[in-house]
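# Notes for the structure review
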Amino acid sequence: IAADGLYLIALREEQQKYFVGVRTVFFRLAMFAGNGPLVVLAGHLETRFAEPHHAYAAFFGIMAVMMAAFALWHLFALPRAANDRAGDVRDAGAQVESFLGTFVSFFRKPGIVTSIAFLLLYRLGEAQLLAVAKLFMLDGAAKGGLGLTTEQVGVIYGIWGIIALLVGGLLGGLLTSRDGLRKWLWPMMLAMHLPNAAYWYLAHALPTSHTVIQACVMFEQLGYGFGFTAYLIYMMQLARGEHQTAHYALCTGFMSLGVLLPGMWSGKLQQMLGYEHFFVWVLIATIPGMIVGARLRIEDAPKGAAKTA
């Protein structure tokens, strides 16, 4: 929330659009580091120490030093936004009143029902794909998977997938900063969802060529990076105005809910349908988000427009 707030108040709207792809990629890199190299480091330390608790003490010590180093770097490197200032609410009653007012004002925005439906449904297909895709890569052919090793999956997603995601995000940010979201909403929605068909192809054909598998994943990640730009920029537009940091936090809450709930049933659904039919369902699940997306009110601000804290 703090990072989102700084992003919103320190950058003009066209800058927010331009750098949205960079922001998405670095968020993904952070998640990858936390689930990949740092876990490998913990395992390596465990083999070096006789007692596992010594290994984990060393691991968390390394993490503490890294966090302190990052904090020191950010102290000097982060921009100082002119409108980043403390609020004037001091007593507890006024704080509660201010909080409730901020919360209620979000749900009074024009067309908020459609907006919330979009936040919940836009990632309905992708959220289910996300929960199952790597399992599909790791499972053997007997289970309908591709039978890759963990290392191969790490290379495909952690290197080539990230590169494709970066290109898609940068392209999306460049085009929306130049032309606005209204012009690119439909191309981005289609780019977000149609490349999911690459997983259906992989489940249907079960190719053994790593090049083919890698190309399919890169195609899907390229579309995801491009299409997800529309989602993030719409959240920025929805949060625009008074209390924009708090309202953007509410948007990200609905976004997380839209990923969490489909992810809860996706594994069981895959077991019922099998990988090939599951990926067909993923494509069908993208339709509601596009239907709602067609009803959105897109209000692109003029280039160079000032921010509202």
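A brief look at the structure comes next.

## Some points on the pattern of salt bridges
- With the rule as written, the count across this model stands at four salt bridges.
- Between E126 and R123 there is a salt bridge whose closest N-O contact spans 2.7 Å.
- By relative accessible area, R123 is classed as buried at 8%.
- Note that K183 and D179 form a salt bridge whose closest N and O atoms lie 3.8 Å from each other.

## Focus: the packing of aromatic side chains
- On inspection of all chains with the given rule, the structure shows 18 aromatic pairs.
- Relative to F279, the ring of Y199 has its centre 5.6 Å away and its plane inclined at 45°; by these criteria the two rings are tilted. In this pair, Y199 sits in helix 11 (residues 197-205) while F279 sits in helix 14 (residues 275-285), placing the two residues 80 residues apart along the sequence. Grouping residues by exposure puts Y199 and F279 together as buried.
- Seen from their ring centres, F278 and F279 are 5.6 Å apart, and the 65° between their planes marks the pair as edge-to-face. This pair shows no difference in class: F278 is buried, exactly as F279 is.

## Description of the environment of Y224
- Within the fold, Y224 resides in helix 12 (residues 210-239).
- Distance from Y224 to L190, taken between C-alpha atoms, is 9.7 Å for residues 34 residues apart in sequence.
- Those residues in contact with Y224 that sit more than four places away from it in its chain are R28, R123, E126, L165, A191 and M192.

What counts as what
Residues take numbers from 1 onward in each chain, read along the sequence in its written order. Only residues with pLDDT of at least 70 are given local features in this predicted model, and only at 80 or more are side-chain atom pairs given and counted; all residues enter the totals for whole chains, interfaces and linings. The basis for every side-chain value is the complete set of non-hydrogen atoms in the structure, without hydrogens or water. We define a salt bridge as a side-chain nitrogen of Lys or Arg found within 4 Å of a carboxyl oxygen belonging to Asp or Glu. For each residue, the accessible area found with a 1.4 Å probe, counting protein chains only, is set against the maximum for its type, and the residue is called buried under 20%, exposed over 50%, and partly exposed in between. Pairing of aromatic side chains here covers Phe, Tyr and the six-membered ring of Trp, requires ring centres within 6.5 Å, and sorts the geometry by plane angle: under 30 degrees stacked, over 60 edge-to-face, intermediate tilted. Runs of H or I in DSSP of at least four residues are treated as helices and runs of E of at least two as strands, each being numbered from the N terminus. Two residues qualify as a contact provided that any one of their heavy atoms is within 4.5 Å of a heavy atom in the partner residue.

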